[in-house]
Amino acid sequence: MATVLRFLTLTRGKRALNTSDWLTYAYLLLGTCLMFGPVIWLILSSFKTPAELVRFPPRLLPYQQETIVVPGFDDPLALYDVPMPDGSTRRLAQVRRIGIEAQMIDPADPETIIPVNINARSPVEMIYFDFSNYTDGVQRFNFWTYLGNSLIVTIAATFLTLFFNSMAAFALSKYQFRGRDTVLFVTIGTLLVPLSVILIPIFLVITEIGWNNNLLGVIVPGAATPTGVFLLRQYMLTIPDELIESARIDGASEWRIYLQIILPLSLPALAVLTIFSVMWRWNDFLWPLVVLSRSELFTLQVGLNSFKGDLQVQWNLILAMTVLTLLPITLVFAVLQRYITTGIATTGMK
Amino acid sequence: MVKTLLFPVTSVMGWLFRLIISAFDLIMQPLQNRLGVKGMAYVFIMPNLVIFGIFIILPMLLNFYYAFTGGTQLFLENRPFVGLDNLTTLFTCGNFLDPNSCREDLFWRAVMNTGGYVLAQVTLLVLFSLVTALALNRNIRGRGFFRSVFFYPVLLSPVVVALIWRWILQQDGLLNGIIVALGGERVPFLLSAGWGQAWVVIISVWAQMGFFTLILLAGLQAIPSEFYEAANIDGASAWQSFWGITLPLLMPTMFVVLVLSLIRAVQVFDQVFSFTGGGPGTATVYMVQYVYTTGFANQTKEYGLAAAASLVMALFLLVLTAIQLRLGRRSEIT
């Protein structure tokens, strides 16, 4: 037994695990449960029927009571296990309930009514993933409208960000011009000022431009990210100036140098910025909340928040819509996770 | 592997990008003929600078002016100049330690709540991020997997995080189910002020620690392994290596983490707003939410007061960061 354990615990260095290795794995596994657990619980809950959702204490998997169609009855009847006076247990279908007495029948013999105390019977249940939360939710929640808005905002803003930030970073890294250091300093300085602090004047500016209740008001203002400029500038500094000089000698215009030399060489940094930008825009909440007040323009996040505030709405629908909202970003992460984590580790930015 | 997976995405995007931008040739060539090579720098920086100026710099200046005007009109021409009135209103207090004695009691409650939140959140965040980074820095299997696991909540939006945890913490929720199953009594997590404040901290640590773990991990991996080997030969214990090598060499990274997490903690808003809405009572109203409610959500929109409060907050952040940079520079010299 000890040798088996030892074999199982061999690590790559052919060394058996010691106490601190066990502690490390225990910590990481506990962490995995705490990090993923809440999301998995959300997903499992989103498949439960409203009756199952209010059940306390809650059960892990979604269940539903089994029903049976009996000739002579229009609706399917709920099945229960009922202990009989002779000690056996029979599976009966409930026809109706009167006070504490349930009138039940044997599906094989629908004519005979058997009265049973409601506390004596126990429901027959099966694991059942109820997709109606999703289908109902999508209708009540205007899911497709919100999804469309979120997609428009995310894609358009990311393109604008990549385009404008890379041009600015090119100018800041490869040219000597008056005011360059001031621009750089101010750009980085604004990283310190939270958007939330200047909410009111931003609202005023957007109102003056007439972008209230216009997706442009969500897309354009966020496009000039200081983080993006800084990240791309740092990367472009590593591109040798000789490349640009020789292109100039060959007669390339500055625009062509940016387009055909700088951009292709900056692809790794652009990829990291793309991921950031998608993440920022998709999850953005405060800015769209302030700019958009007509519900047909809501993004998923704002829509979800107002859906939550609507008292008429049931938890089962909210849970299903929350899953749909976190699904796209989760899929992107599942595909690109190594790239994202190393990208952030090397740039140290968010 | 992932790079090859990503390749079609980046190449198609790069191709599209270039196609659209090639159209700009028609405008750019004449521009360069007029402005010269160096002048093009201004052309390149202009779009970014214009957006930046209109939507960040201009609002910052306007905010400053707003703070000294009164009334409830949004447009500046309808707002009377009131000088320091808004700031005086904020700072009229019988006793600064007791919010009830203040004219704007909600503001001081928010200040106090924010103070407590920042202390607890930053401490726990840095602690857990450091422990996780140290665990991930060991020679273990599945490092990439665990790294992604801890990072995953960072990707979730504040609204989603808030909803997930409301669902777990509600009266008939999962956590109370576990507590009852273990023989305890149900706890009103979302209804008591103390629990509300505690959970706001726990949830934000849950949602943010992956990001700081990654930064600290990068810092840990930059420490040359020769140092540890030398310490090992000299007979240092793991504990001694940690205090003697890891911690001092990790200080610059720790400093970055501390600055970033402090700034972010002071600015806490959307997650809490969606999670508790400031309640129960005013237990989780923080400074940004005070600005938001005073300026936007309340029936009478007191833009001036909100702007003044945000000015106070910006000043506080500036001082905080300056102190940190000062300390950081000193620790670099020594």
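Residues numbered from 1 in each chain as written. Chains lettered and ligands numbered in written order. Predicted model: local features only at pLDDT ≥ 70, side-chain atom pairs only at ≥ 80, totals over all residues.

Draft legend 1. Here's a closer look at the overall build of chain A. Tallying secondary structure elements over chain A gives 15 helices and 8 strands in all. The C-alpha atoms of chain A give a radius of gyration of 30 Å, which is well past the 20 Å a tight globule of 350 residues would have. Over its C-alpha atoms, taken along the principal directions, chain A stretches across nearly 100 × 70 × 35 Å. When each of the 350 residues of chain A is scored for burial, the buried share is 37%. In chain A, of all internal contacts separated by at least 6 residues, the share reaching a separation of at least 24 is 64%. (Helix = DSSP H or I, 4+ residues; strand = E, 2+ residues; numbered from the N terminus. Rg over C-alpha atoms; globule rule 2.2 N^0.38 Å. Buried ≥ 20, exposed ≤ 12 C-beta atoms within 10 Å, placed from the backbone. Contact = placed C-beta atoms within 7 Å.)

Draft legend 2. Just the overall build of chain B, in detail. If you tally the helices and strands in chain B, you get 13 helices and 0 strands. Ordering the α and β elements of chain B from the N terminus gives α-α-α-α-α-α-α-α-α-α-α-α-α. Taking 20 Å as the expected radius of gyration for a compact globule of 334 residues, we find that chain B reaches 26 Å, considerably beyond that expectation. Dimensions along the principal axes, computed over C-alpha positions, put chain B at roughly 75 × 75 × 45 Å. Split into buried and exposed, the 334 residues of chain B put 37% on the buried side. Contacts in chain B between residues at least 24 apart in sequence constitute 63% of all its contacts with a sequence separation of at least 6.

Draft legend 3. Examining the domain arrangement of chain B more closely. The domain architecture assigned to chain B consists of domain 1 (2-63) and domain 2 (85-333). Averaged C-alpha coordinates put domain 1 of chain B and domain 2 of chain B at centres separated by 36 Å. (Domains from an automatic or database assignment.)

Draft legend 4. Quick peek at the packing of helix H9 (residues 225-233) of chain B against helix H10 (residues 238-266) of chain B. All names here are of chain B. At their nearest, the axes of H9 and H10 sit 11 Å apart, and the two run at 145° to each other. As H9 runs across H10, the sense of the crossing is right-handed. Between H9 and H10, the residues in contact are Phe227, Tyr228 and Ala231 and Ser241, Gly244 and Ile245, respectively. In terms of residue class, the contact of H9 with H10 is built from 4 nonpolar, 2 polar and no charged. (Axes fitted to C-alpha atoms, helices over the stretch in contact; angles between N-to-C directions. Left-handed = near helix turned anticlockwise from the far one by under 90°. Nonpolar A, V, L, I, M, F, W, Y, C, P; charged D, E, K, R; others polar.)

Draft legend 5. Just the packing of helix H4 (residues 105-136) of chain B against H10 of chain B, in detail. All names here are of chain B. Between H4 and H10, the least distance of the axes is 9 Å, while the angle of their chain directions is 145°. Of the two elements, H4 crosses H10, and the hand of that crossing is right-handed. Residues Thr114, Tyr117, Val118, Gln121, Val122, Leu125, Val126 and Ser129 of H4 touch H10, and the partners they reach there are Val257, Leu258, Ser261, Leu262, Ala265 and Val266. For the contact of H4 with H10, the residue count by class is 10 nonpolar, 4 polar and no charged.

Draft legend 6. Representation of unusual backbone geometry within the structure. Residues and elements named next belong to chain A. One non-glycine residue, asparagine 142, lies in the positive phi region at around 55°. Relative to the helices and strands, asparagine 142 resides in the loop between helix H4 (132-140) and helix H5 (143-174). The phi dihedral of asparagine 213 is positive, around 55°, even though this residue is not glycine.

Draft legend 7. How the structure looks around the pairing of strand E3 (residues 77-83) of chain A. All names here are of chain A. With 2 bridges connecting them, strand E2 (residues 67-68) and E3 associate as antiparallel partners. Looking at the pairing, threonine 67 lines up with alanine 78 of E3. The pairing of E3 with strand E4 (residues 89-98) spans 5 bridges and is classified as antiparallel. Within E4, the residue paired with valine 82 across the bridge is arginine 90. Where E3 folds back onto E4 in an antiparallel hairpin, the turn is made up of 5 residues, including glycine 87, whose phi is positive at roughly 100°. Note that E3 and strand E7 (residues 122-123) share 2 bridges and pair antiparallel. When the sheet's bridge partners are listed, tyrosine 80 is paired in E7 with proline 123. (Pairing = 2+ DSSP bridges.)

Draft legend 8. The arrangement of the interface of chain A and chain B in detail. Contacts between chain A and chain B engage 82 residues on the former and 89 residues on the latter. Residue assignment for the side of chain A that touches chain B shows that the elements contributing at least two residues are helix H2 (19-45), H5, helix H7 (199-209), helix H11 (254-265), helix H12 (267-283), helix H13 (286-291), helix H14 (300-309) and helix H15 (315-347) of chain A. With 16 residues, the single largest contributor to the side of chain A that touches chain B is H15 of chain A. The class makeup of the residues in the side of chain A that touches chain B is 58 nonpolar, 20 polar and 4 charged.

Draft legend 9. Spatial organisation of the confidence of the model for chain B. All names here are of chain B. Summarising the model, chain B shows a mean pLDDT of 85, and 96% of its residues fall at 70 or more. Looking across chain B, the model is least confident in helix H1 (residues 2-22), with a mean pLDDT of 73, and most confident in H4, with 92. As scored by the predictor, the complex reaches a pTM of 0.83 and an ipTM of 0.81. (pLDDT = per-residue confidence, 0-100.)

Draft legend 10. Fine view of H7 of chain A. When H7 of chain A is considered as a whole, its buried residues turn out to be Leu199, Ile200, Pro201, Ile202 and Ile206 of chain A. Where H7 of chain A terminates, the next one or two residues include glycine 210 of chain A, which has phi positive at roughly 90°.

Draft legend 11. Spatial organisation of the environment of isoleucine 200 of chain A. Locating isoleucine 200 of chain A in the fold gives a position in helix H7. Considering only alpha carbons, one finds isoleucine 200 of chain A and valine 290 of chain A, 90 residues apart in sequence, at a separation of 9.2 Å. With residues near it in sequence (within four places) discarded, isoleucine 200 of chain A still touches Asn63, Tyr66, Gly295, Tyr303, Ala306 and Ala307 of chain B.

Draft legend 12. The nonpolar core, seen in detail. Formed by 155 residues in total, the largest nonpolar core has its most connected members in Ala168 of chain A together with Phe44, Trp165, Tyr286, Val291 and Ala309 of chain B. At 14 residues, the largest contribution of residues to this core is made by helix H8 (residues 193-221) of chain B. Counting 9 residues, the second largest nonpolar core, distinct from the first, contains Val82, Ala93, Met104 and Val116 of chain A. (Core = buried A, V, L, I, M, F, W, Y, C linked by C-beta atoms within 7 Å.)

Draft legend 13. Layout of the pairing of strand E5 (residues 101-106) of chain A. All names here are of chain A. Pairing analysis gives 5 bridges linking E4 to E5, with the strands arranged antiparallel. Looking at E5, one finds that arginine 96 is bridged to glutamine 103. Pairing of E5 with strand E6 (residues 109-117) involves 5 bridges; the strand directions are antiparallel. Of the residues in E6, the one forming a bridge with glutamate 101 is asparagine 117. Linking two consecutive strands that pair antiparallel, namely E5 and E6, is a turn of 2 residues.

Draft legend 14. Here's a closer look at helix H9 (residues 226-236) of chain A. Most of H9 of chain A sits out of view: 8 of its 11 residues are buried. If you check which residues of H9 of chain A are buried, you get Pro226, Gly228, Val229, Leu231, Leu232, Arg233, Tyr235 and Met236 of chain A.

Draft legend 15. Layout of the confidence of the model for chain A. Predicted confidence across chain A gives a mean pLDDT of 83, with 92% of residues reaching 70 or more. At the low end of the mean pLDDT range in chain A sits helix H1 (residues 2-8) of chain A, at 59; at the high end sits H5 of chain A, at 92.

Draft legend 16. Representation of the environment of isoleucine 275 of chain A within the structure. Take isoleucine 275 of chain A: it is sitting in helix H12. A C-alpha to C-alpha distance of 9.0 Å links isoleucine 275 of chain A and threonine 158 of chain A, two positions 117 residues apart in sequence.

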